[in-house]
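Residue-level structure breakdown
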Amino acid sequence: MWEQIEICKKELEEEYKKNNELINRISNLRLILFLLAFVFIIIGWNSENIRIVAFIAGSISFAAFIILLVFHSTLFEQREEAEKGLMIVDQYEKRRGEGWKEFTETGSSFICEENKDLMDLNILGKNSLFQWLNIANSRSGKRKFANHLTRQKIDEKSWKMCQEAVCEMSNHFTFNIGFQTIFSNIRNIRNIDFEEKSIYPDSCRKANIISIVFGGLLALGMIGSLVLSLSSIISFKFSGIMLLFCICWMNIYSYFHKKEYEEIGQCIHAFGKMEHLIEYISKEKFSSEPLLLCKRKIEEGKEMIHGITKISYLYYAKENKISNIIFNTIFILNPLLIFLYRKLMKNGVDKLKEAIERVEQIELYLALTGVAWCKDNVCLPKKIENISMKMENVQHPLLSEKKCVPNDFSCEEEIIMITGSNMSGKTSFMRTIGSNLVLMFAGTYVNATYFEAPFMKIFTSIGVQDDISRGISTFYGELLRIKKVLEYAKDQENEKVPFVVFIDEIFKGTNYNDRIFGAKAVIHQFAREKCITFITTHDFELCELPEKKVSNYFFSEKYEENQIVFSHKIHSGQSKTTNARYLMERIGILSPSN
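Scanning the protein from terminus to terminus reveals 19 helices and 10 strands. Taking 594 residues into account, the globule formula puts the C-alpha radius of gyration at 25 Å, and the protein, at 34 Å, lies well above it. Summarising its shape, the C-alpha atoms of the protein cover approximately 110 × 60 × 50 Å along the three principal directions. Residues counted as buried form 49% of the 594 residues belonging to the protein. In the protein, once contacts between residues fewer than 6 apart in sequence are set aside, the share between residues at least 24 apart is 75%. As presented, the protein carries roughly 30,800 Å² of accessible surface, and 56% of it is formed by carbon and sulfur atoms. The positive charge centre, built from 74 side chains, and the negative charge centre, built from 73, are 5 Å apart in the protein.

Further remarks concern the side chain of K295. Locating K295 in the fold gives a position in helix α11 (residues 289-300). A distance of 2.4 Å separates a polar atom in the side chain of K295 from the backbone oxygen of E284. Setting aside anything within four residues of it in sequence, one finds K295 in contact with I281, S282, E284, K285 and F286.

The end-to-end C-alpha distance of helix α16 (residues 426-442), which contains 17 residues, comes to 25 Å, matching closely the 24 Å that a straight helix rising 1.5 Å per residue would cover. Immediately downstream of α16, the backbone of G443 shows phi near 90°, a positive value.

According to the stated counting rule, one finds 26 salt bridges in the structure shown. Note that K302 is salt-bridged to E279, the shortest N-O span being 3.5 Å. Of the two residues, K302 is situated in helix α12 (residues 302-319) and E279 in helix α10 (residues 275-283); the sequence distance between them amounts to 23 residues. The closest approach of N and O atoms between R515 and D539, which form a salt bridge, is 2.7 Å. One end of the pair, R515, is in helix α18 (residues 512-526); the other, D539, is in the loop between β8 (531-536) and β9 (550-560), and 24 residues separate them in sequence. Like R515, the residue D539 is buried in the burial classification. Residues participating in the shared-partner salt-bridge network are R143, K144, D193, E195, E357 and E360.

The final tally for this structure, using the stated rule, is 24 aromatic pairs. Aromatic side chains F175 and F179 sit 5.9 Å apart centroid to centroid with 45° between the ring planes, which places their arrangement in the tilted category. With F175 and F179 both in helix α6 (residues 173-184) and four residues apart, the pair spans about one turn of that helix. Owing to a relative accessible area of 2%, F175 belongs among the buried residues under this scheme. By way of ring pairs, the aromatic residues F409, F429, F502, F534, Y553 and F555 are connected into one cluster. Seen from the ring of Y92, R95 lies directly overhead, with NZ or CZ sitting 4.6 Å from the centre. Sitting over the face of the ring of F455, K383 holds its NZ or CZ atom 5.2 Å from the ring centroid.

On the surface, a cluster of negative charge is contributed by E11, E13, E14, E15, E77, E80, E81 and E83. Those elements that provide at least two residues to the negative patch are α1 (2-46) and α2 (51-96). Considering the arrangement of structural elements, one finds E77 in helix α2.

The subject of this paragraph is the sheet that holds strand β1 (residues 382-383). Pairing is mixed across the open sheet formed by four strands, whose spatial order is β1-β5-β2-β3. Each edge of the open sheet carries a strand with a single partner, namely β1 and β3 (407-411). Bridge count between strand β2 (residues 389-394) and strand β5 (residues 450-453): three bridges; the pairing is antiparallel. Across the sheet, the residue bridging to K390 is E452, located in β5.

Along the chain, L217 turns up in helix α7 (residues 209-230). Here L217 falls in the exposed class, since its relative accessible area comes to 54%. C-alpha of L217 to C-alpha of K84: the two residues are 133 residues apart in sequence and 50 Å apart in space.

Further remarks concern helix α4 (residues 139-150). For α4, which comprises 12 residues, the first-to-last C-alpha distance of 17 Å matches the rise-based estimate of 16 Å (1.5 Å per residue) to within 8%. Extensive coverage of α4 is indicated by the burial of nine of its 12 residues. Among the residues of α4, those classed as buried are S140, G141, K142, K144, F145, A146, H148, L149 and T150. Tucked inside the fold, the buried residues of α4 contact α3 (129-133), α5 (156-169), α15 (349-374) and α16.

Conventions we followed
Residues numbered from 1 in each chain as written. Predicted model: local features only at pLDDT ≥ 70, side-chain atom pairs only at ≥ 80, totals over all residues. Heavy atoms only, no water. Helix = DSSP H or I, 4+ residues; strand = E, 2+ residues; numbered from the N terminus. Rg over C-alpha atoms; globule rule 2.2 N^0.38 Å. Buried < 20%, exposed > 50% of the residue type's maximum accessible area, 1.4 Å probe, protein only. Contact = heavy atoms within 4.5 Å. Areas by Shrake-Rupley, 256 points an atom, 1.4 Å probe, with all protein chains shown as cover. Lys, Arg positive; Asp, Glu negative; His and termini not counted. Charge placed at Lys NZ, Arg CZ, Asp CG, Glu CD. Polar contact = N/O pair within 3.5 Å; in protein donor to acceptor, adjacent residues only side chain to side chain. Expected span 1.5 Å × (residues − 1). Salt bridge = Lys/Arg side-chain N within 4 Å of Asp/Glu carboxyl O. Phe/Tyr/Trp six-rings, centres within 6.5 Å; stacked < 30°, edge-to-face > 60°. Lys NZ or Arg CZ within 6 Å of the ring centre and 35° of its normal. Patch = residues over 30% accessible without salt bridge, like charges linked within 9 Å, V, L, I, M, F, W, Y side chains within 5 Å. Pairing = 2+ DSSP bridges.

Right, dumping it as structure tokens:
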């Protein structure tokens, strides 16, 4: 699917180059036309014989100059859009390698007590799936994407719809570029939260025609008094009194509707520039049910967005002090603004909410589709009922495919004990499976040629550290993680929901005897549950447990010319090698052995 991006990049580069050349040519032509218009006017001013002809020629030249000015402005906008599109393409090129790690949006602010254990799989935070895939601009869009990646309760119907939408969206990369370009150009979009209740009226009052009629009479009175004063029928004092009366009424009206004006302002700042995006989505052709549903709901809210755009012109006229006075004395701006807003919002708030919800839903689908656009080795995972996993050529999605060694792996309802030397790939392998499970549960592609698994709740105990502020040691932190798993297993409501556990170097925070004792006890309990458990360890004793569900796997290494070489391939069986002494010698802690 990377070919789509390369084609799109080429088209954008050609468009940018073409617009740039046209801009330069028109700049020169505008200068010539302006000088011609100036020359013809001078000639006409000084030559009576050809004055009319010169003025006509000057007028034509000046009109052509104005037309080119408008066209020039359009070309500038098109060039900026092409430039923005190229910047977005560049971000996808960075996602394909490791340049995405410089993206500023990491999703760290969405880490909470409920999902912090999952951060072992790099879902949120620095160097995470969120940082890699996120394209959301608004605060609500980012929050929705973070919640979607960390969700643990999965509805199969919505999951299938998400997969269907992502699958179709993978063929709409050009639409993706346009969508992101328009959405990111909305003013203050990064500060907007479309889920804030304050930008939607809770209960909009009925549009009041009385204030419009009264204001209209005042405006007519103001215009009439001004006309009569200019005709010397009445004194200008009457016009001044009428103007003063109109200004007083305007200020009184504004004072009593201050909160409603603030509400209108919030609404306009949030939705006033959305019309272009709504139009863009409406023109795109979709075929899958979830995308057609999004498009239909967006089109139902199209009239609301259009109405808000029209109201915004009145609102910004009100915000300007000079135009506020002029339009309120002649065109009853303040009551008209309130009237139109109430009339628009009376029956359309739900449609507006739904339309924006669907816009952000499309944004979420586009973010998830990034896996397919940035990876060559992808497939849509298959959901199965039995507690087992099977994957072929699985890779870690956050690593470059050129550097990441793929693995084939399958297991059933068992405990996978993984041994191997330091740096051989044990922990990375667990994270590879875990992160691809997260992508699967999110309803998108995974980094593998084949991947199947059931829906499972994920538990982790990887990289557990002590917490001095809470008085929690590393070992106690590990115990708390294990306790969560066992409590979940004992909960009768979760009887039909299997789970998967990833434990790195089980109980590494305590002494050898307690570690072995504790590990055996935990493995014995997990062996009785409906789960798949991955455990890495350096304690070979744990590989020889009598539990029937325990299966042994290992990573190995070899030495070539006194250099250690890791294969990063998983094998069935128990590791027979260690490399601690070699690494200690290499960095100078120990003297080289003979």
